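# Per-entry structural report
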Amino acid sequence: LLDELVTQAGARSASLVDSESGMILGQSGSNPDIEVTAAGNTELIRSQIRSLKNMGTDEAVDDILITLSTQYDILRPLKANPSISLLVTLDKAKANLALARFRVSECEAQLAL
């Protein structure tokens with residue numbers, strides 16, 4: 001499934017990340033900084049989930065979008081196991097963001113952990 005995610009236009013890499021440790025469980029594509037990116041972005045996921053719990057809401061994080069000058073990072077905690085998330089990095093100039101978010105959502109639905 002990660003290989004399928006990197007076939008879309010503008011995709012640089014797709015990873016499955018342990019959101020508690022920041023360790024990569026699987027990856028596809030090329031991104032020399034993926035380990036640093038994964039570790040840092042898991043802090044965002046944990047922070048957002050903690051904030052929602054503190055607010056006492058039933059809301060869940062569908063995904064988090066980070067927009068950089070040249071790339072998008074899509075972070076998607078898995079509904080079946082929120083301690084694991086998908087991380088997809090995209091070239092901002094080449095990617096279709098709406099389609100990428102849809103594909104990440106489809107990928108999550110197909111994952112069996």
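Below, the structure is looked at part by part. (Residues numbered from 1 in each chain as written. Predicted model: local features only at pLDDT ≥ 70, side-chain atom pairs only at ≥ 80, totals over all residues. Heavy atoms only, no water.)

### Considering the overall build of the chain
- Looking only at helices and strands, one finds three helices and five strands in the chain.
- Each helix and strand of the chain, placed in order from N terminus to C terminus, yields the pattern α-β-β-α-β-β-β-α.
- The C-alpha radius of gyration computed for the chain amounts to 13 Å, which stays within 12% of the reference 13 Å derived for 113 residues, consistent with globular compactness.
- Dimensions along the principal axes, computed over C-alpha positions, put the chain at roughly 40 × 30 × 25 Å.
- Across the 113 residues that make up the chain, the buried fraction comes to 42%.
- Surface accessibility of the chain: about 6,400 Å² in total, with carbon and sulfur atoms responsible for 50%.
- Both charge centroids of the chain, one from 10 positive and one from 15 negative side chains, sit 4 Å from each other. (Helix = DSSP H or I, 4+ residues; strand = E, 2+ residues; numbered from the N terminus. Rg over C-alpha atoms; globule rule 2.2 N^0.38 Å. Buried < 20%, exposed > 50% of the residue type's maximum accessible area, 1.4 Å probe, protein only. Areas by Shrake-Rupley, 256 points an atom, 1.4 Å probe, with all protein chains shown as cover. Lys, Arg positive; Asp, Glu negative; His and termini not counted. Charge placed at Lys NZ, Arg CZ, Asp CG, Glu CD.)

### Section: helix H2 (residues 34-55)
- For H2, built from 22 residues, the straight-helix expectation of 32 Å at 1.5 Å per residue is met to within 8% by its first-to-last C-alpha distance of 32 Å.
- Residues Ile34, Thr37, Ala38, Asn41, Thr42, Ile45 and Leu52 constitute the buried set of H2. When H2 is viewed along its axis, its buried side chains cluster within an angular range of 130° and face the same direction. Exposed and facing more than 90 degrees away from the buried side of H2 are Val36 and Asn54.
- Tucked inside the fold, the buried residues of H2 contact strand S1 (11-18), strand S2 (24-29), strand S3 (64-67), strand S4 (71-77) and strand S5 (84-91).
- One or two steps after H2, the chain reaches Gly56, where phi turns positive at roughly 70°. (Expected span 1.5 Å × (residues − 1). Arc of directions from axis to C-beta. Contact = heavy atoms within 4.5 Å.)

### Considerations on the sheet that holds S2
- Taken in spatial order, the five strands of this open sheet run S2-S1-S5-S4-S3, and their pairing is antiparallel. The open sheet is flanked by S2 and S3, the only strands paired with a single partner. Mean inter-strand twist for the sheet, computed between neighbouring axes without regard to direction, equals 15°.
- Along the sheet, helix H3 (residues 97-110) contacts S3, S4 and S5; its crossing angle with S4, the most-contacted strand, is approximately 25°. (Pairing = 2+ DSSP bridges. Axes fitted to C-alpha atoms, helices over the stretch in contact; angles between N-to-C directions.)

### Brief notes about the environment of Thr67
- Here Thr67 shows up in strand S3.
- For the pair formed by Thr67 and Leu90, sequence separation is 23 residues and the distance between their alpha carbons is 9.8 Å.

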